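# Inside the fold
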Amino acid sequence: MKYRSLNDKNHKVSFEDAVVRGLAPGKALYFPEDIPKLSPDFFQNLDKYSKEEIAYEAIKAFVGDEIEKNSLQEILKKTLNFEFPVVPISENIGTLELFHGPTLAFKDVGAGFMAGCLGHFVKKGNLGKITVLVATSGDTGGAVANGFLGVEGIDVVILYPKGKVSEIQEKQLTTLGQNITALEVNGNFDDCQDMVKKAFSDSEISAKRQLTSANSINVARWLPQMFYYFFAYKQLAEKKAKLAFSVPSGNFGNICAGMLAKQMGLPIDHFIASNNENNVVTRYLKSKEYAPKQSVQTISNAMDVGTPSNFVRILELFDNEFNSLSQQLSSFSYSDDETRNAIKEVKQKYNYVMDPHGAVGYLGLQDFLAENPEYYGTFLETAHPVKFLETVEEVIGEKVEIPDSIKEVMNKEKKSFEISDYAELKDFLMR
Ligand SMILES: *Cc1c(COP(=O)(O)O)cnc(C)c1O
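All values reported here derive from a predicted model rather than from experimental measurement.

Before going further, it helps to spend a moment on the overall build of the protein. Looking only at helices and strands, the protein features 20 helices and 14 strands. Against the compact-globule benchmark of 22 Å for 431 residues, the protein has a radius of gyration of 21 Å, which places it among compact chains. Projecting the C-alpha coordinates of the protein onto the three principal axes gives extents of approximately 60 × 50 × 45 Å. Here the protein holds 431 residues, and 58% of them are scored as buried.

This part covers the layout of surface pockets. Roughly 650 Å³ of internal volume is contained in the second largest pocket. Looking at the second largest pocket, it is lined by 25 residues, and the ones nearest its centre are Lys78, Gly112, Gly116, Gly147 and Val151. When residues of the lining of the second largest pocket are assigned to their parent elements, the largest contribution, 9 residues, is made by helix α5 (residues 107-124). A class-by-class count of the residues in the lining of the second largest pocket yields 9 nonpolar, 11 polar and 5 charged.

Turning next to the pattern of salt bridges. A side chain of one charge can pair with a side chain of the opposite charge when the charged atoms of the two come close. Under the defined criterion, the tally for this structure stands at 20 salt bridges. Glu418 is paired through a salt bridge with Lys162; the nearest N and O atoms lie 3.3 Å apart. Of this pair, Glu418 sits in strand β14 (residues 417-419) while Lys162 sits in the loop between β7 (154-161) and α7 (167-174), and the two are 256 residues apart along the sequence. Assessed through its relative accessible area of 42%, Glu418 is described here as partly exposed. Note that Asp337 and Arg340 form a salt bridge whose closest N and O atoms lie 3.3 Å from each other. Of this pair, Asp337 and Arg340 both sit in helix α16 (residues 336-350), 3 residues apart, roughly one helical turn. Here Arg340 falls in the partly exposed class, since its relative accessible area comes to 28%.

Right, let's talk about the packing of helix α8 (residues 189-200) against helix α20 (residues 422-430) for a bit. Packing of α8 against α20 brings their axes to within 10 Å, and their N-to-C directions diverge by 50 degrees. Overall, the two elements α8 and α20 adopt an arrangement that is oblique. Considering only the axes of α8 and α20, their crossing is right-handed. From α8, Met195, Lys198 and Ala199 reach across to α20, where they touch Tyr422, Leu425 and Leu429. The residue makeup of the contact of α8 with α20, split by class, is 5 nonpolar, no polar and 1 charged.

This next bit is on the sheet that holds strand β11 (residues 270-275). In spatial order, the strands read β4-β5-β13-β10-β11-β12; together these 6 strands make up an open sheet with mixed pairing. Of all the strands in the sheet, just β4 (86-90) and β12 (329-333) have a single pairing partner and so form its edges. Averaged over all pairs of adjacent strands, the angle between their axes in this sheet comes to 25 degrees, without regard to strand direction. Sheet topology note: the strand β10 (residues 242-248)/strand β13 (residues 375-381) ladder contains 5 bridges and is parallel. Residue Phe245 lies in a different strand from β13, and its bridge partner there is Thr378. Across the sheet, helix α11 (residues 227-236) is in contact with β4, β5 (93-97), β10, β11 and β13; its angle to β10 comes to roughly 140 degrees.

Below, the discussion takes up the side chain of Thr136. Considering the arrangement of structural elements, one finds Thr136 in the loop between β6 (130-135) and α6 (139-148). Of note is the side chain of Thr136, whose polar atom sits 2.9 Å from the backbone nitrogen of Gly141. Other than its neighbours up to four places away in sequence, Thr136 contacts Gly141, Ile158, Leu159, Tyr160, Pro161, Leu173 and Phe189.

For the rest of this paragraph, the subject is the pairing of β6. Within β6, 6 of the 6 residues are buried, leaving the element largely enclosed by the surrounding structure. Neither face of β6 is left uncovered, since the one carrying Ile130, Val132 and Val134 and the one carrying Thr131, Leu133 and Ala135 both have all their residues buried. Chirality of the crossover, the property in question, places the unit of β6, α6 and β7 among those that are right-handed. Examined bridge by bridge, β6 and strand β9 (residues 210-212) share 3 bridges and lie parallel to one another. Counted as the bridge partner of Val132 is Thr212 from β9.

Here the focus is the nonpolar core. Grouped together as the largest cluster of nonpolar side chains are 101 residues, with contacts concentrated most on Phe15, Phe113, Phe148, Met226, Phe227 and Phe230. At 9 residues, α5 tops the list of elements feeding residues into this core. The next biggest cluster of nonpolar side chains, apart from the first, holds 32 residues, and it includes Leu104, Ile168, Val346 and Val360.

Under the feature "domain: Threonine synthase N-terminal" (unreviewed entry), the UniProt entry names residues 2-79. Secondary structure across residues 2-79 comprises 46% helix and 15% strand; the distance between its end C-alpha atoms is 23 Å.

Here is what the cut-offs are and how they apply
Residues numbered from 1 in each chain as written. Predicted model: local features only at pLDDT ≥ 70, side-chain atom pairs only at ≥ 80, totals over all residues. Heavy atoms only, no water. Helix = DSSP H or I, 4+ residues; strand = E, 2+ residues; numbered from the N terminus. Rg over C-alpha atoms; globule rule 2.2 N^0.38 Å. Buried < 20%, exposed > 50% of the residue type's maximum accessible area, 1.4 Å probe, protein only. 1 Å grid on protein atoms, 1.4 Å probe; cavity = no way out; pocket = protein on both sides within 12 Å on 5 of 7 lines; lining within 4 Å. Points joined across faces, edges and corners; volume = space filled by probe spheres on them. Nonpolar A, V, L, I, M, F, W, Y, C, P; charged D, E, K, R; others polar. Salt bridge = Lys/Arg side-chain N within 4 Å of Asp/Glu carboxyl O. Axes fitted to C-alpha atoms, helices over the stretch in contact; angles between N-to-C directions. Parallel < 35°, antiparallel > 145°, perpendicular 65-115°, else oblique. Left-handed = near helix turned anticlockwise from the far one by under 90°. Contact = heavy atoms within 4.5 Å. Pairing = 2+ DSSP bridges. Polar contact = N/O pair within 3.5 Å; in protein donor to acceptor, adjacent residues only side chain to side chain. Right-handed = clockwise from strand over helix to strand, strands pointing away. Core = buried A, V, L, I, M, F, W, Y, C linked by side-chain atoms within 4.5 Å. UniProt positions renumbered as here; feature names shortened; annotations may be inferred.

Set out below in structure tokens:
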């Protein structure tokens, strides 16, 4: 499979190059040259396949012969070593829990798969040593750190804003050691991101280190997210109803992977992009006008994105045709108060505790089902409620049980280097 630049259809690269580079020239996104179709037989017999087998069938055309079968299966096995259950909430609503991975958020799958692929390409030979440089506002850093931990030939440097990530998130970033270094930046997330961008265009640094990024625009982080929808379908096929998925969306990588799975033949009927007040896509589907805005801070902070990078990939899936897109995609947006009320309501009515992101997904699904009662709806729970402990406990008025893996990380010692400006980052990278 070749990947083409969305800005220049003549620029085509291999899977390996797309993974190593992350972005095409001019900061454009890579997109698969064609979308493979899987046989209807495969979908009808999904219950006979293990999750590793399903994932292999879904991803193999995208990787091609660049990673041999055994190695690809090994990467998938390591990435997918936890469960993806659909938990029933009510008669026509279920939630797909994506938080059973090592850092309790759905980004573990994308980060693990990318780490596996990049590690494989480094081991194979001619790339040399690589430094993954990434800025995080919370969940990305932990997932990337965990995914790349101990991967030979790859160093990971994570920048996070001092005092602006949750205690759990900070521990997940700073306690791993080995090839993972955490830099605690005196500033906010935008400062972290600016420093990272500057480092990528600094020729003195690139002469010394080969830098790559691990954010969600990388095809190796984006594509494996389609597995979730296959795993869910396997559990939902017996419903014999039309299926809708509501995806709490920020950068739109997750939902875009779901829509890709549908084009590969997965029998999903409708998608709902559920937004917090960062609602550029909700507004677009209403007005046909795409008007990005500066992001605003909300309690579902992993979705505080003003300009969703992956939305161009969704447009590409539909040849930029508004009408065909709007037949398969609805979008709704909710305030923090509405989100809190949903957490409270679902706890009271169904005794299920949602995190703020899942709650936004639940709200979008409810609004869709009100108009389309013939559907069975699934919303994605993208993070464990414990990752947003303060908000959730305050709303439900109860303690949330802390999983053992978190207790363990909370007892480890934080190790980070504090930096205040770009010169200090550069010093660190030039060592
Ligand atoms: C990253 C993240 C999202 C948003 O996913 P996108 O693919 O960027 O749309 C939603 N919820 C949680 C908990 C996240 O960490």
